[in-house]
Amino acid sequence: MAARFDGQLPFLLKVLAAAQPLSLQAHPSLSQARAGFARENAAGLPPDAPTRCYRDANHKPELICALTTFHALCGFRPVRESLRLLTGLGVDVTGLERDGLATWFRAVMTERRSLTRVVEVPGFERECALARRLVEAWPGDPGVLGALLLNYVVLQPGEALFLSAGNLHAYVEGTGVELMANSDNVLRGGLTPKHVDVAELLSVLDFTDAAPTVLRGDYATPVEDFRLTRLTLGAPQQLPARAQILLVTEGEAQLGDLTLKQGESVFLGADEQRTLSGHGVVFCASAGLSP
Ligand SMILES: [Zn+2]
C-alpha cells in the first residue's frame, strides 16, 4: 500500500451528519484532476485560493454508508421520470429528452433558470418537499432545478452508495460513514455559498440517466484507494494484516487489551495482527488492494 500510494494513506474516513441539504457537487476522474491541478498551478492560483476547483491531482470517488435513515440525491434520474416531475411543477422542459439532458442542464445552469413556486406532483412527494426547502434556502439558485433531475435515494442503516467520477450528487439528510479517496477536489453546481464553476462542472459530469445501485452487505467498488467493511461483533475474529482504521458505531469492541466504545476509532498498522471481539458494529476502512 505504501509503495502503491507513495507512502500516503490513500483514503479519508469521516462520519457525515447532514441536517440541511449539502451542496450539489461532482468529483473529477484521475486524469481530469491531474490536468485541472496542473492548469490552475500554471495559471498561478495560490493553493488555498477560494476560486480553485482542483486542490490536488487526485480523483475523489466516494462511498456513503447509512448509520441512520439517509436521504441522498445521486446521479441523473431516468429522463422520462424527470419529465413527469418537471412538467408537473410547470417547468419549461423544451429540449429535455434523453439525448438532450446535457444540453438542457447546461442551459439551466448558464442561464441561471430557477424555480419559484412548488406545487404538489403526485408520485413525487419527497422530491416536492425537498424542492420547497431548497427554493426557500437558495432562492434564484439554478442548482434547485439541477437537484430535481437527480435520483432521490433513501438508504436504510447498513446500505451504501458508491459515487464514481462525474456523478452529480447532494446529501440531503441523515448520518453516515463516508469513505473517499485522499483528495479535496469538488466541483460544485450550487446550493452553497462556496465557489461554483459551472463550466468546469459540466466538463466532468456523467449524464448517464439511470437508477442508482444500492450496495448491501458487500461494499465492493472498482477503486483501489479504499475499501469499507462493516463487521458485526461477536466471537473473536482475526483482522486481516493491513493498514486500516476501525470505527465503532454501535456497542463496544475488544481489540486485544484495548476497549473501543461507540464513536471511538483506532488506526492499525499493517504489522499489527489483532483479534477483534465484542458486541455491536465496527466499520473497517482500508485500501482496496488485494493483500
Ligand atoms: Zn461528494
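Within each chain, residues carry numbers counting from 1 in the order of the written sequence. Where local features are concerned, this predicted model is filtered to residues with pLDDT of at least 70; where side-chain atom pairs are given and counted, the filter is 80 or more; whole-chain, interface and lining totals use all residues. Only heavy atoms go into the side-chain values, all of them from the structure, while hydrogens and water stay out.

Caption draft 1: Focus on the overall build of the protein. Only DSSP runs of H or I reaching four residues or more are called helices, and only runs of E reaching two or more are called strands; each is numbered from the N terminus. Scanning the protein for helices and strands turns up six helices and 14 strands. The globule rule is 2.2 Å times the number of residues to the power 0.38, and the radius of gyration it is compared with is taken over C-alpha atoms. In terms of C-alpha radius of gyration, the protein reaches 21 Å, essentially the compact-globule figure of 19 Å for 291 residues. Here the C-alpha coordinates of the protein stretch approximately 65 × 50 × 30 Å along the principal axes. Residue burial is assigned from relative accessible area. The probe radius is 1.4 Å, only protein chains are included, and a residue is buried under 20% of its type maximum, exposed over 50%, and partly exposed in between. Taking all 291 residues of the protein together, the buried fraction comes to 50%. Within the protein, contacts between residues separated by at least 24 positions form 79% of all contacts whose residues are at least 6 apart in sequence. Looking at the protein as shown, the accessible area adds up to about 13300 Å², and 51% of this sits on carbon and sulfur atoms. For the purpose of counting charges, residues Lys and Arg are taken to be positive, whereas Asp and Glu are taken to be negative. His and the chain ends are not included. By convention, the point assigned to a charge is CZ for Arg, NZ for Lys, CD for Glu and CG for Asp. Within the protein, one finds 26 positive and 32 negative side-chain charges whose respective centroids are separated by 2 Å. What makes two residues a contact is simply this: any of their non-hydrogen atoms within 4.5 Å. Only the protein chains shown count as cover for residues, with accessible areas throughout obtained via the Shrake-Rupley method and a probe of 1.4 Å.

Caption draft 2: Highlighting the domain arrangement of the protein. For the protein, the assigned domains read domain 1 (11-204) and domain 2 (227-286). The split into domains, and so the bounds of each, comes from an automatic or database assignment of domains. Between domain 1 and domain 2, the C-alpha centre-to-centre distance is 33 Å. Taken together, the contact pairs nine residues of domain 1 with nine residues of domain 2. Taking both sides of the interface into account, the surface hidden between domain 1 and domain 2 amounts to around 790 Å²; carbon and sulfur atoms contribute 92%. What counts as buried area is the accessible surface, traced by a 1.4 Å probe, that two parts surrender upon association, with contributions from both included.

Caption draft 3: Focus on the coordination of the zinc ion. A donor here means an N, O or S atom no more than 2.8 Å from the metal, or no more than 3.2 Å when the metal is Na, K or Ca. Since water is not included, a site may seem to lack partners. Around the zinc ion, the donor atoms from the protein are Gln-25 (OE1), His-27 (NE2), Glu-62 (OE), Glu-62 (OE) and His-169 (NE2), and they sit 2.1 to 2.8 Å away. The sequence pattern formed by the donor residues of the zinc ion is Q-x1-H-x34-E-x106-H. In this pair, His-27 sits in the loop between strand S2 (24-26) and helix H1 (30-42) while His-169 sits in strand S7 (residues 169-181), placing the two residues 142 residues apart along the sequence. Comparing His-27 with His-169 shows no difference in burial state: the two are buried.

Caption draft 4: Representation of the environment of Glu-264 within the structure. Considering the arrangement of structural elements, one finds Glu-264 in the loop between strand S12 (258-261) and strand S13 (265-268). The sequence separation of Glu-264 and Leu-96 amounts to 168 residues, and the corresponding C-alpha distance is 48 Å. Those residues within four positions of Glu-264 in sequence are excluded, and the remaining contacts are Leu-246, Leu-247, Val-248 and Thr-259. Within polar-contact distance, the side chain of Glu-264 engages the backbone nitrogen of Lys-261 at 2.7 Å. Identification of polar contacts relies on pairs of N or O atoms within 3.5 Å, with a donor-acceptor requirement for protein atoms, meaning one able to donate a hydrogen and the other able to accept it, and with residues adjacent in sequence counted only if both atoms are side-chain atoms.

Caption draft 5: Broad picture of H1. Each residue after the first adds 1.5 Å to the expected span of a helix. The end-to-end C-alpha distance of H1, which contains 13 residues, comes to 18 Å, matching closely the 18 Å that a straight helix rising 1.5 Å per residue would cover. If you check which residues of H1 are buried, you get Ala-33, Gly-36 and Glu-40. Along H1, the residues classed as buried sweep out an arc of 70° about the axis, all on the same side. Exposed residues on H1 whose side chains face more than 90 degrees from its buried face are Ser-31, Arg-34 and Ala-42. What the arc describes is the spread of directions from the helix axis to the C-beta atoms.

Caption draft 6: Quick look at the nonpolar core. Remark: nonpolar core denotes a set of buried residues (Ala, Val, Leu, Ile, Met, Phe, Trp, Tyr, Cys) joined through side-chain atoms within 4.5 Å. By size, the foremost hydrophobic cluster in this structure holds 44 residues, and its most contacted members are Leu-86, Leu-89, Phe-105, Leu-115 and Leu-168. Excluding residues that lie within four positions of it along the chain, Leu-168 makes contacts with Leu-24, Gln-25, Ala-26, Leu-73, Cys-74, Gly-75, Phe-76, Phe-105, Leu-150, Leu-201 and Leu-205. In terms of nonpolar packing, the next biggest core, distinct from the first, is built from 17 residues, Phe-162, Leu-179, Leu-228 and Ala-285 among them.

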